[in-house]
Amino acid sequence: MLGILLQEEREREFGVTGPCMEYLLHHKILETLYTLGKADCPPGMKQQVLVFYTKLLGRIQQPLLPHINVHRPVQKLIRLCGEVLATPTENEEIQFLCIVCAKLKQNPYLVNFFLENKLKSLASKGTADVISEESLKGQDSVSTDTGQSCQPEELSGAAGLEPPEFEDESPQPADELSASLDNLAVAPLPEATVVRPNQDYNLVNSLLNLTRSPDGRIAVKACEGLMLLVSLPEPAAAKCLTQSTCLCELLTDRLASLYKALPQSVDPLDIETVEAINWGLDSYSHKEDASAFPGKRALISFLSWFDYCDQLIKEAQKTAAVALAKAVHERFFVGVMEPQLMQTSEMGILTSTALLHRIVRQVTSDVLLQEMVFFILGEQREPETLADISRHPLRHRLIEHCDHISDEISIMTLRMFEHLLQKPNEHILYNLVLRNLEERNYTEYKPVCPEDKDVVENGLIAGAVDLEEDPLFTDISPDNTLSNQEWLSSSPPATPDHPKNDGKTEVHKIVNSFLCLVPDEAKSSYHVEGTGYDTYLRDAHRQFRDYCAICLRWEWPGSPKALEKCNLEATFFEGHFLKVLFDRMGRILDQPYDVNLQVTSVLSRLSLFPHPHIHEYLLDPYVNLASGCRSLFSVIVRVVGDLMVRIQRIPDFTPKLLLVRKRLLGLEPEGPMIDHITLLEGVIVLEEFCKELAAIAFVKYHASSTP
C-alpha cells in the first residue's frame, strides 16, 4: 500500500490527491488498521500498523493530518502507545510518536484536529473542549531562549524521524546508553494522576509513560519528543501541559530520587571535575572508566537529568517554562536540597554545597536560573540591616559558611558565590551588594568650597583624615605607619565633588595607591621575573569586557547617584556578604593560602562590575568614608598596619618571603619548613591582590574614558 501511495504521489503535481489516496481516506482504511492493531490480530499486527502509520506520515508530502479519517485514528493509536512498558512494539511506538510531534511542529495549526473529549466514556459530562488545551500543545516551532529556531532533527538527534528502521539496531548493553535512564526507575505514576479530571493530553501522557522504559534509547527518544512538545507556543496548550499532565512531577520526582541516590559523601573534587554531562549522550560504562569513583554512576545520572530539565525549560513556551521552573524550585530545591544545605554535619554540608556549586555552574535556562537565585538568595531588594540578615535562612547560612571553621566548606561556598556572580541575572549582585550601596551612605558629604582648592593645590586632600587620627587605625603606632605615604596626599578625592580634569592622572594616582599599599620591605615580586602588575592587565581587560556584556541590559547608571539626592543619614551596613568578605580579608595574614586566594578572587570579581557605586566603594582610595564605615581599601590599610608591626619580629623576613614565593611558583624545590609560613603566604597574596585591584582600576578608567 505504502509503495503504491508513494509512487502515485511522485507521478502527480504537489497537492493533487490521486485515486489510491482518495480510497484510503474515504474508506477509513486507517481506522480499520487501528482496530486490527489494537487487537493485535493476527499477532504482530500492532507492530505493522505502527510502522505503516509512521512511514505514511513521514514520507507522504501532502498534508494528511487535517483529514478526519487520518487524525482520528492517529489520536486513537497515540493512546495505545506506552500503555505497557517493555513491550515488543516500543521501538515502533516511539518512532510513531516522534513523527507525530515533528508534524505538529512543522504545521502548528494541525493540533486543532486533535481536540477531543477523551473522558466522555468515563463520565457523561459536557467536557467536550478539554482536550483543546491538551493537543494545542503540539504546536509551533521550537524557539530557544536566544531566539534560534531548531529543527526537530537538531533537537531530537537520533530521534528516528527520518529512518524508521530503528528497530533493526542491535540493542546496546544496559550499562551503556540506557544506564542513565534505567537508574531513574521512579515508582510508576499512578494511572489516576496520568488522566486528570476534565483535561487530557494524550501525546504527552504516552511520551511520559515511555520515559520510564527500561531501554535507555526509548527513554531518551521520549524525552526528545517532550522537548518538541513543550516548545510549542500555544498558551492553552502550555497550561494543559503543566496542569493536566504529570510532566512537572516527572521532572521533579526524578531529580529528587536521583539526588537521594547519591552517596552521603562524595569528594567535592570529583563532583567538580566529572566531565560535562549532556543528557542525551549519557553512556557511562563503569568497566571502561579509569577515573571511576564511588557514586560516579549516580552522580552522572543526576547531573544528566538536571541537564535535561534545564534544556527542557530553556526550550519551553514561556508560561510552561515558568510553571516547570517553579515546580523544580518548590519540589526539588526547597523540598530536597535545602534540608541538606542547612544540616550541621560538615561532610554533609560539603557534599551538598559542592552539588549546589555544580548545578549553579551548569544551569543555562534564564527561567530556571531565576528560580535558583530566589532559592539561594531570596527575593528581598531593600537595604539590609544587621538585625534582619537572617531573614532568608538559606542565604544567611550559606554566607556564614564563607567563614566556616572548616576551610574546605569556606572555599567551596566562596567558589559557589563566585560562579553565581558570573551568571547573567541582575538580582544576584543587587541582592548581595548593590542594595546596600544605593544611597551612598558610606560617604561623608563635604560641599566644595573655595578654600578646598587652595588646600588641594598645597598637596593635601581636602577633608582627609590622617591615618593616625582616624578611629579605625588607632592600633597603628606612629613608628609603624606606612613609610611611603606621599601618594595618599598627592591627589584630590576622586568623587563627583572633585571633577577629574585629567582622567589619566587620576587613574595613575589610584593605581599607585594600590601598588604602594604593601611597603617595599614586604614586596617580593620584583625579585621574580614576569610577576609585575602589567601581567594582570590582560586578564582584567578580558574579564571586564565579559562583565560589561553581561550587565549591558541591566541599564546601570554611568555615574554615581548625586549626593544631594542620597539619604546619607541612614546607618550604613555593607551587607552580610561584604561583611564576611571584609572580615576574612582582614585576617589574610592568619589564614591558609587557599582560603586567601578564594576570598581575594571573589572580591576582585565584585570590583570588576561596571556599576559606579561598586567602583567607588571597592576601588576608590580617596572616597571620604563616613564615620565607622569601612571600604575594601581601608580594610587593606589596616592589614598593612598590622603587617608592619609583625615584620619587625621576624628575622630574615625578606629572604624567607622570596623563598616562599619561589616555592609557590615551583621555581624552588620544597625544602625544610619555614617559620611563619601562613603569614608569609598571606603577604604574597596581599601583594598580588593589590596589583590585581590596580589593574582592574586602570582597565575600568580606561574603558570609561574611551568614547
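Remember, it's a predicted structure, so these values are computed and weren't measured experimentally. (Residues numbered from 1 in each chain as written. Predicted model: local features only at pLDDT ≥ 70, side-chain atom pairs only at ≥ 80, totals over all residues. Heavy atoms only, no water.)

**Examining the packing of helix α11 (residues 202-210) against helix α12 (residues 216-230)**
What counts is decided by this rule: Think of each axis as a best-fit line through the C-alpha atoms, taken over the contacting stretch in the case of a helix, with angles from 0 to 180 degrees between the N-to-C directions. Here a helix means four or more residues in a row that DSSP labels H or I, a strand means two or more in a row labelled E, and each is numbered from the N terminus. Reported orientations rely on four angle classes, namely roughly parallel under 35 degrees, roughly antiparallel over 145, roughly perpendicular from 65 to 115, and oblique for the rest. Whether a crossing is left-handed or right-handed is set by the direction in which the near helix is turned from the far one by less than a right angle, anticlockwise for left-handed and clockwise for right-handed. Contacts are assigned to residue pairs that have any heavy atoms within 4.5 Å of one another. Three classes are used, and their members are as follows: Ala, Val, Leu, Ile, Met, Phe, Trp, Tyr, Cys and Pro are nonpolar, Asp, Glu, Lys and Arg are charged, and the others, Gly among them, are polar.
Relative orientation of the contacting elements α11 and α12 amounts to 150 degrees, with a least axis distance of 8 Å. With respect to α12, the axis of α11 lies roughly antiparallel. As α11 packs across α12, the resulting crossing turns out to be left-handed. Contacts between α11 and α12 pair Leu203, Val204, Leu207, Leu208 and Leu210 from the former with Ile218, Ala219, Ala222, Gly225, Leu226 and Leu229 from the latter. Considering only residue class, the contact of α11 with α12 consists of 10 nonpolar, one polar and no charged.

**Here's the deal with the packing of helix α16 (residues 296-315) against helix α18 (residues 346-362)**
The geometry of α16 relative to α18 is characterised by a closest axis approach of 11 Å and an angle of 35 degrees between their N-to-C directions. The element α16 and its partner α18 pack so that their crossing is right-handed. Residues Leu299, Phe302, Leu303, Phe306, Asp307 and Asp310 of α16 lie in contact with α18, whose contacting residues are Leu355, Arg358, Ile359 and Gln362. Grouping the constituent residues of the contact of α16 with α18 by class yields six nonpolar, one polar and three charged.

**What to know about empty space enclosed by the protein**
We apply this condition: Residues are said to line a cavity or pocket when one of their atoms sits within 4 Å of a point; the points come from a 1 Å grid over protein atoms alone, cavities being sets where a 1.4 Å probe fits but cannot get out and pockets being open sets with protein on both sides within 12 Å along at least five of seven lines. Grid points are joined across faces, edges and corners, and a volume is the space filled by probe spheres set on the points.
Going through the model one piece at a time under the given rule, you end up with seven cavities of 30 Å³ or more. Estimated volume of the largest cavity: approximately 100 Å³. Lining of the largest cavity is provided by Gln380, Glu382, Pro383, Glu384, Asp388, Ile389, Ser390, Arg391, His392, Arg395 and Arg435.

**Describing the pattern of salt bridges**
Think of it this way: side chains of opposite charge can pair up when their charged atoms draw near. What counts here: By convention in these notes, a salt bridge is any Lys or Arg side-chain nitrogen within 4 Å of a carboxyl oxygen on Asp or Glu. Relative accessibility under 20% of the residue-type maximum defines a buried residue, over 50% an exposed one, and the middle range a partly exposed one, all with a 1.4 Å probe and only protein chains included.
Within the structure shown, the criterion is met by 26 salt bridges. Salt-bridge contacts for Glu272 lead to Arg415; the nearest nitrogen and oxygen are separated by 2.6 Å. Placement of Glu272 in helix α15 (residues 268-273) and of Arg415 in helix α21 (residues 407-421) is noted, with a sequence separation of 143 residues between them. Residue class for Glu272 comes out buried when judged on its relative accessible area of 17%.

**Looking at the side chain of His615**
Tracing the backbone shows His615 in helix α28 (residues 612-619). Residue classification places His615 among the buried residues on the basis of a relative accessible area of 14%. Look past the residues within four positions of His615 in its chain and what remains in contact with it is Asp620, Lys700 and Tyr701.

**So, helix α27 (residues 593-608)**
Just so we agree on the cut-off: In this analysis, the expected span of each helix is defined as 1.5 Å times one less than the number of residues it contains.
Taking 1.5 Å of rise per residue, the 16 residues of α27 would be expected to cover 22 Å, and the 23 Å separating its terminal C-alpha atoms lies within 8% of that figure. Where burial is concerned, most of α27 is hidden: 13 out of the 16 residues are buried.

**Digging into unusual backbone geometry**
Apart from glycine, the bulk of residues carry a negative phi angle, and the bulk of peptide bonds sit in the trans form. Residue Pro42 is bonded to the preceding Cys41 through a cis peptide linkage, with omega at -5 degrees. Looking at where Pro42 falls in the secondary structure, it is placed in the loop between α3 (29-39) and α4 (45-59). Positive phi values are uncommon outside glycine, yet Lys28 reaches one of about 50 degrees. Tracing the sequence through the fold places Lys28 in the loop between α2 (19-26) and α3. Even without a glycine there, the phi angle at Glu555 is positive, about 55 degrees. Tracing the chain through its elements places Glu555 in the loop between α25 (535-551) and α26 (576-586).

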